[in-house]
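In case you want the letters, here they are:
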Amino acid sequence: AAKLGELPRSRVLKVKLGSGLDRRTMEQVLALDDRRLFLDANQGWTDVRQALDMVRMAGEGRLVGIEQPFAADRWDLHRQLGELTDVPVYADESVQGPDDLERAAGSFGGVNIKLMKCGGPDVAVAMARRARALGMRVMLGSMSESSLGSAVMAQLSGLADLADLDGPWLVRNDPFQGLAIADGRMTVTGRTGAGVQPRPGLLDWIQLGA
(Lines give C-alpha, C1' and ligand atoms only; values in the text may rest on other atoms or scores of the structure.)
Protein backbone atom coordinates (compact mmCIF):
# COMPACT_ATOMS: atom_id res chain seq x y z
CA ALA A 1 0.00 0.00 0.00
CA ALA A 2 2.83 2.41 0.84
CA LYS A 3 4.62 1.77 -2.45
CA LEU A 4 1.44 2.25 -4.47
CA GLY A 5 1.01 5.61 -2.78
CA GLU A 6 4.52 6.72 -3.77
CA LEU A 7 4.25 5.96 -7.48
CA PRO A 8 3.05 8.38 -10.16
CA ARG A 9 -0.31 7.33 -11.52
CA SER A 10 -0.02 5.26 -14.69
CA ARG A 11 -2.49 3.43 -16.89
CA VAL A 12 -0.85 0.05 -16.26
CA LEU A 13 0.73 -1.19 -13.05
CA LYS A 14 3.83 -3.37 -13.38
CA VAL A 15 4.03 -5.95 -10.61
CA LYS A 16 7.33 -7.59 -9.71
CA LEU A 17 6.95 -11.26 -8.84
CA GLY A 18 9.16 -14.33 -8.51
CA SER A 19 10.08 -13.79 -4.86
CA GLY A 20 8.22 -16.70 -3.33
CA LEU A 21 5.52 -14.35 -2.04
CA ASP A 22 3.68 -14.07 -5.34
CA ARG A 23 0.22 -15.03 -4.16
CA ARG A 24 0.37 -12.66 -1.19
CA THR A 25 1.65 -9.85 -3.41
CA MET A 26 -1.11 -10.39 -5.95
CA GLU A 27 -3.79 -10.47 -3.26
CA GLN A 28 -2.62 -7.08 -2.00
CA VAL A 29 -2.42 -5.54 -5.47
CA LEU A 30 -5.84 -6.82 -6.50
CA ALA A 31 -7.36 -5.48 -3.29
CA LEU A 32 -5.75 -2.04 -3.53
CA ASP A 33 -5.60 -1.18 -7.22
CA ASP A 34 -7.94 -1.39 -10.20
CA ARG A 35 -5.50 -0.78 -13.05
CA ARG A 36 -4.56 -3.26 -15.73
CA LEU A 37 -1.51 -5.30 -14.76
CA PHE A 38 1.82 -6.28 -16.30
CA LEU A 39 3.57 -9.10 -14.44
CA ASP A 40 7.38 -9.30 -14.31
CA ALA A 41 8.76 -12.45 -12.69
CA ASN A 42 12.43 -11.62 -13.42
CA GLN A 43 13.27 -15.24 -14.31
CA GLY A 44 11.86 -16.28 -10.93
CA TRP A 45 9.54 -19.09 -12.04
CA THR A 46 10.54 -22.62 -12.99
CA ASP A 47 7.19 -24.14 -13.94
CA VAL A 48 4.54 -23.05 -16.44
CA ARG A 49 1.90 -23.85 -13.82
CA GLN A 50 3.23 -21.02 -11.64
CA ALA A 51 2.64 -18.53 -14.43
CA LEU A 52 -0.82 -19.89 -15.26
CA ASP A 53 -1.77 -19.69 -11.57
CA MET A 54 -0.96 -15.97 -11.55
CA VAL A 55 -2.83 -15.46 -14.83
CA ARG A 56 -5.93 -17.07 -13.38
CA MET A 57 -5.61 -15.07 -10.18
CA ALA A 58 -5.40 -11.71 -11.97
CA GLY A 59 -7.82 -12.61 -14.72
CA GLU A 60 -6.54 -13.00 -18.25
CA GLY A 61 -8.52 -9.99 -19.48
CA ARG A 62 -6.82 -7.69 -16.96
CA LEU A 63 -3.26 -8.62 -17.93
CA VAL A 64 -1.34 -6.60 -20.50
CA GLY A 65 1.64 -8.96 -20.50
CA ILE A 66 4.05 -11.21 -18.62
CA GLU A 67 7.76 -10.41 -18.72
CA GLN A 68 10.58 -12.97 -18.60
CA PRO A 69 8.90 -15.48 -16.26
CA PHE A 70 11.57 -18.16 -16.74
CA ALA A 71 15.36 -18.33 -17.00
CA ALA A 72 16.89 -16.62 -20.02
CA ASP A 73 17.89 -19.90 -21.65
CA ARG A 74 14.51 -21.61 -21.18
CA TRP A 75 13.07 -20.69 -24.54
CA ASP A 76 10.97 -23.86 -24.39
CA LEU A 77 9.07 -22.81 -21.27
CA HIS A 78 8.34 -19.36 -22.66
CA ARG A 79 7.06 -20.90 -25.88
CA GLN A 80 4.86 -23.33 -23.94
CA LEU A 81 3.37 -20.55 -21.82
CA GLY A 82 2.60 -18.51 -24.91
CA GLU A 83 0.71 -21.44 -26.36
CA LEU A 84 -1.43 -21.82 -23.22
CA THR A 85 -2.54 -18.20 -22.74
CA ASP A 86 -3.52 -15.22 -24.86
CA VAL A 87 -1.48 -12.91 -22.61
CA PRO A 88 1.66 -11.77 -24.50
CA VAL A 89 4.91 -13.11 -23.05
CA TYR A 90 7.71 -10.51 -23.29
CA ALA A 91 11.43 -11.26 -23.42
CA ASP A 92 13.89 -9.24 -21.34
CA GLU A 93 17.04 -11.10 -20.32
CA SER A 94 16.58 -13.59 -23.18
CA VAL A 95 17.05 -10.81 -25.75
CA GLN A 96 20.17 -8.74 -25.25
CA GLY A 97 20.59 -7.50 -28.80
CA PRO A 98 19.61 -7.89 -32.46
CA ASP A 99 20.96 -11.44 -32.81
CA ASP A 100 18.81 -12.75 -29.95
CA LEU A 101 15.78 -11.00 -31.40
CA GLU A 102 15.91 -13.11 -34.54
CA ARG A 103 15.23 -16.33 -32.64
CA ALA A 104 12.80 -14.81 -30.15
CA ALA A 105 9.73 -14.61 -32.38
CA GLY A 106 9.04 -18.33 -32.05
CA SER A 107 9.10 -18.24 -28.26
CA PHE A 108 7.94 -14.74 -27.26
CA GLY A 109 5.09 -12.46 -28.24
CA GLY A 110 6.97 -9.29 -27.32
CA VAL A 111 10.34 -7.87 -26.33
CA ASN A 112 11.52 -5.33 -23.75
CA ILE A 113 14.16 -3.11 -25.38
CA LYS A 114 16.40 -1.18 -22.97
CA LEU A 115 18.87 1.53 -23.94
CA MET A 116 21.57 0.34 -21.51
CA LYS A 117 21.15 -3.25 -22.62
CA CYS A 118 21.03 -2.99 -26.41
CA GLY A 119 23.85 -0.46 -26.81
CA GLY A 120 22.30 2.81 -28.00
CA PRO A 121 19.26 4.55 -29.48
CA ASP A 122 20.14 3.58 -33.07
CA VAL A 123 20.19 -0.10 -32.10
CA ALA A 124 16.97 0.33 -30.13
CA VAL A 125 15.20 1.80 -33.17
CA ALA A 126 16.43 -1.01 -35.42
CA MET A 127 15.34 -3.65 -32.90
CA ALA A 128 11.88 -2.11 -32.46
CA ARG A 129 11.31 -2.06 -36.20
CA ARG A 130 12.60 -5.59 -36.61
CA ALA A 131 10.44 -6.85 -33.76
CA ARG A 132 7.40 -5.35 -35.50
CA ALA A 133 8.38 -7.09 -38.73
CA LEU A 134 8.61 -10.38 -36.82
CA GLY A 135 5.10 -9.88 -35.45
CA MET A 136 6.19 -9.07 -31.90
CA ARG A 137 4.98 -6.38 -29.52
CA VAL A 138 7.49 -3.77 -28.32
CA MET A 139 8.10 -2.46 -24.82
CA LEU A 140 10.59 0.32 -24.09
CA GLY A 141 12.27 -0.40 -20.77
CA SER A 142 14.84 1.09 -18.43
CA MET A 143 17.37 0.12 -15.80
CA SER A 144 17.97 2.17 -12.63
CA GLU A 145 19.12 5.12 -14.69
CA SER A 146 18.81 8.88 -14.98
CA SER A 147 16.12 10.92 -16.67
CA LEU A 148 18.44 11.33 -19.63
CA GLY A 149 18.39 7.63 -20.52
CA SER A 150 14.64 7.35 -20.10
CA ALA A 151 13.99 10.57 -22.01
CA VAL A 152 16.02 9.30 -24.96
CA MET A 153 13.94 6.13 -25.07
CA ALA A 154 10.73 8.15 -24.71
CA GLN A 155 11.50 9.64 -28.13
CA LEU A 156 10.90 6.17 -29.57
CA SER A 157 7.45 5.76 -28.06
CA GLY A 158 5.81 5.86 -31.48
CA LEU A 159 7.38 2.46 -32.16
CA ALA A 160 6.16 0.87 -28.94
CA ASP A 161 3.08 -0.70 -27.37
CA LEU A 162 4.26 -0.07 -23.80
CA ALA A 163 6.72 2.29 -22.11
CA ASP A 164 8.27 1.19 -18.81
CA LEU A 165 10.68 4.09 -18.32
CA ASP A 166 10.47 4.58 -14.56
CA GLY A 167 14.22 4.24 -13.90
CA PRO A 168 14.60 7.84 -12.65
CA TRP A 169 11.99 7.21 -9.96
CA LEU A 170 14.17 4.40 -8.58
CA VAL A 171 17.24 6.57 -7.92
CA ARG A 172 17.82 9.49 -5.56
CA ASN A 173 20.68 11.24 -7.36
CA ASP A 174 19.24 11.83 -10.82
CA PRO A 175 21.52 14.50 -12.37
CA PHE A 176 18.85 15.57 -14.87
CA GLN A 177 15.39 17.09 -14.64
CA GLY A 178 12.47 17.61 -16.99
CA LEU A 179 10.93 14.14 -17.21
CA ALA A 180 7.50 13.67 -15.66
CA ILE A 181 4.50 11.36 -15.59
CA ALA A 182 1.12 13.04 -15.49
CA ASP A 183 -2.30 11.43 -16.02
CA GLY A 184 -0.63 8.24 -17.16
CA ARG A 185 1.49 9.96 -19.83
CA MET A 186 5.22 10.61 -19.83
CA THR A 187 6.23 14.13 -20.77
CA VAL A 188 9.44 16.11 -21.20
CA THR A 189 9.60 19.84 -20.56
CA GLY A 190 12.81 20.83 -22.35
CA ARG A 191 12.93 22.11 -25.90
CA THR A 192 16.35 20.82 -26.92
CA GLY A 193 17.93 17.40 -27.23
CA ALA A 194 16.02 14.67 -25.40
CA GLY A 195 14.04 17.28 -23.44
CA VAL A 196 15.85 17.13 -20.11
CA GLN A 197 18.41 19.47 -18.57
CA PRO A 198 21.23 19.10 -16.03
CA ARG A 199 19.98 19.59 -12.48
CA PRO A 200 21.61 22.77 -11.06
CA GLY A 201 24.12 22.21 -8.28
CA LEU A 202 24.30 18.42 -8.48
CA LEU A 203 27.12 18.14 -11.00
CA ASP A 204 29.96 20.44 -12.01
CA TRP A 205 29.93 20.78 -15.80
CA ILE A 206 33.22 21.75 -17.45
CA GLN A 207 33.28 22.82 -21.09
CA LEU A 208 35.92 21.08 -23.16
CA GLY A 209 37.07 22.69 -26.39
CA ALA A 210 35.29 25.41 -28.31
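So, here is what we can say about the structure in this document.

Parameters at a glance
Residues numbered from 1 in each chain as written. Predicted model: local features only at pLDDT ≥ 70, side-chain atom pairs only at ≥ 80, totals over all residues. Heavy atoms only, no water. 1 Å grid on protein atoms, 1.4 Å probe; cavity = no way out; pocket = protein on both sides within 12 Å on 5 of 7 lines; lining within 4 Å. Points joined across faces, edges and corners; volume = space filled by probe spheres on them. Helix = DSSP H or I, 4+ residues; strand = E, 2+ residues; numbered from the N terminus. Buried < 20%, exposed > 50% of the residue type's maximum accessible area, 1.4 Å probe, protein only. Salt bridge = Lys/Arg side-chain N within 4 Å of Asp/Glu carboxyl O. Pairing = 2+ DSSP bridges.

As a further point, take the layout of surface pockets. Over the atoms a probe the size of a water molecule is rolled, and this reveals where empty space is left. The space that makes up the largest pocket amounts to roughly 1,400 Å³. Along the wall of the largest pocket there are 46 residues; nearest its centre are Ser10, Val12, Ala163, Asp164 and Asp166. Listing elements by their share of the lining of the largest pocket, those giving two or more residues are α1 (2-6), β1 (12-16), α2 (22-32), β2 (36-40), β5 (110-114), β7 (162-164) and β10 (185-188). The element that contributes the greatest number of residues to the lining of the largest pocket is β1, accounting for 5 residues.

Glancing now at the environment of Arg56. Following the sequence through the fold, Arg56 ends up in helix α3 (residues 48-58). For Arg56, a relative accessible area of 59% gives the class exposed. Along the sequence, Arg56 and Ala182 sit 126 residues apart, while their C-alpha atoms lie 31 Å from each other.

Glancing now at the pattern of salt bridges. Under the criterion given, the structure shown has 12 salt bridges. Put simply, Arg132 and Asp161 hold a salt bridge, and the shortest N to O gap is 3.0 Å. Taken together, the residues Arg132 in helix α7 (residues 121-133) and Asp161 in the loop between α8 (147-154) and β7 connect sequence positions 29 residues apart. A relative accessible area of 38% places Arg132 in the partly exposed class. On the basis of relative accessible area, Asp161 is assigned to the partly exposed category, the value being 41%.

Going residue by residue along β1, you find Leu13 and Val15 tucked away on one face and Val12, Lys14 and Lys16 left uncovered on the opposite face. Pairing analysis gives 5 bridges linking β1 to β2, with the strands arranged parallel. Among the inter-strand pairings, Lys14 is bridged to a residue of β2, identified as Phe38.

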